[in-house]
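Chains, contacts and geometry: an overview
Next come the chains, spelled out residue by residue.
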Amino acid sequence: MLLSMLPTVIRENLVSRTLPREPEPDLVMDTPENVEAFAVAGRIDGVMSANYLFHSARITQLIQGCEQVVDLGCGPATQLAQIAGLNPGIQFTGVDLSEVMLEDGRRHVRELGLSNVDFAHDSMTRISSVEDASADAVISTLALHHLPSFEDLRQTFREVRRILKPDGRLYLVDLGRLKSLKSVLYFAYMNRAHQPHLFSLDYERSLRAAFVREDFERLASEELGSGARVYQTFRLSVLLLVTTADRPLEDAALRDKLQGMRNDLPTKYRKQLDDIRLFFRLGGLKNDPFA
Ligand SMILES: C[S@@+](CC[C@H](N)C(=O)[O-])C[C@H]1O[C@@H](n2cnc3c(N)ncnc32)[C@H](O)[C@@H]1O
């Protein structure tokens, strides 16, 4: 797909009606091929690295001072391990419904020598392993679109509310459903030259299964109270974020570390990271930890 198509894609998303939702055929990612494609694409200099570093930085900023953080739909823990590595004084629990994903996550965390991450085999719609009001923060990255229905999303928001301490912090980010099929295909296959085919296919299915901003707005107000706000990437809701307010990252060493990780990204992924930062900034998100 050519970059010159982008203006068409943006225009179409302003005028079309939203595509109907198509829930994921594989709700839980538990085939070894799926896990492998997703894990490989995310690690080291994989196509997800800009996305991971963006969320690691924002989540790091949000959770300063927390003791216990729960990650819903942690998958192979690529994102979770990066956040845990940046925040060794905080304890993390990764929750996932796929044993195969959890096994990959456990191995990854072990290989990195991290001692501040444990895992729970559980559904985010009923997190029986986590007690009421026990989490200082709940995070989730690119997992909510796996839920079969809006009612499951509502149930997940209720669980988030249940396990969070009063005034707990929140960072739930996921893909947003785009309005035209052309734009779904544009984003799904944009990087097809350097990512496994299964990953592109999964990306397309995920975009078709994603919820829309209005779903997040409704549940944030009905289930989470006034503390959470919804943001999206400017004009195109490629990413949707429900989060509580944060403050600028004051820890200079952490800021330097994040800046170093940004500088270490291959040029094309550094540019992608800066694009995500820009599009969220234009969408109203303040306190950029890389600024
Ligand atoms: C696309 S992966 C995202 C993994 C990770 N958060 C990341 O950003 O790399 C989505 C994960 O959600 C998990 N999942 C799907 N439905 C779930 C549910 N009801 N409860 C918990 N995890 C679920 C899948 O098994 C999969 O590991």
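Refer to the structure above for everything that follows.
Reference entry: report on the structure contained in this document. All figures in this text were calculated on a predicted structure; none of them were measured in a lab. (Residues numbered from 1 in each chain as written. Predicted model: local features only at pLDDT ≥ 70, side-chain atom pairs only at ≥ 80, totals over all residues.)

**Describing the packing of helix 3 (residues 49–62) against helix 11 (residues 267–282)**
Note the threshold: A fitted line through C-alpha atoms serves as each axis, taken over the contacting stretch for helices, and the angle formed by two N-to-C directions is quoted from 0 to 180°. Helix and strand assignments come from DSSP, with helices taken as H or I runs of at least 4 residues and strands as E runs of at least 2, each series counted from the N terminus. Throughout this description, any angle smaller than 35 degrees is read as roughly parallel, any larger than 145 degrees as roughly antiparallel, any in the 65 to 115 degree range as roughly perpendicular, and the remainder as oblique. Left-handed is the label given to a crossing in which the near helix is rotated counterclockwise from the far helix by less than a right angle, and right-handed is the label when the rotation is clockwise. Residue pairs are scored as contacts if the distance between their C-beta atoms, which are placed from the backbone, is within 7 Å.
Two elements in contact, helix 3 and helix 11, have axes whose closest approach is 8 Å; the angle formed by their N-to-C orientations is 45 degrees. Judged on the interaxial angle alone, helix 11 and helix 3 are oblique. The handedness of the crossing between helix 3 and helix 11 comes out as right-handed. In contact with Ser49, Ala50, Asn51, Leu53 and Phe54 of helix 3, helix 11 contributes Tyr269, Gln272, Leu273, Ile276 and Arg277.

**What to know about the packing of helix 6 (residues 150–163) against helix 9 (residues 213–223)**
Running from amino to carboxyl end, helix 6 crosses helix 9 at an angle of 40 degrees, the nearest separation of the two axes being 10 Å. The pairing of helix 6 with helix 9 is recorded here as oblique in orientation. The chirality of how helix 6 crosses helix 9 is right-handed. Residue-level contacts link Phe150, Leu153, Arg154, Phe157, Arg158 and Arg161 of helix 6 to Asp215, Leu219 and Glu223 of helix 9.

**A word on the environment of Ala137**
For clarity, the cut-off: Think of it as a crowd count around each C-beta: if 20 or more other C-beta atoms lie within 10 Å the residue is buried, if 12 or fewer it is exposed, and in between it is partly exposed, with C-beta placed from the backbone throughout.
Along the chain, Ala137 falls in strand 4 (residues 135–141). We classify Ala137 as buried; it has 23 C-beta atoms within 10 Å. When the C-alpha atoms of Ala137 and Tyr171 are compared, they prove to be 7.9 Å apart, with 34 residues separating the residues in sequence. Not counting residues up to four positions away in its chain, the partners in contact with Ala137 are Leu62, Ile63, Cys66, Val69, Gly168, Arg169 and Leu170.

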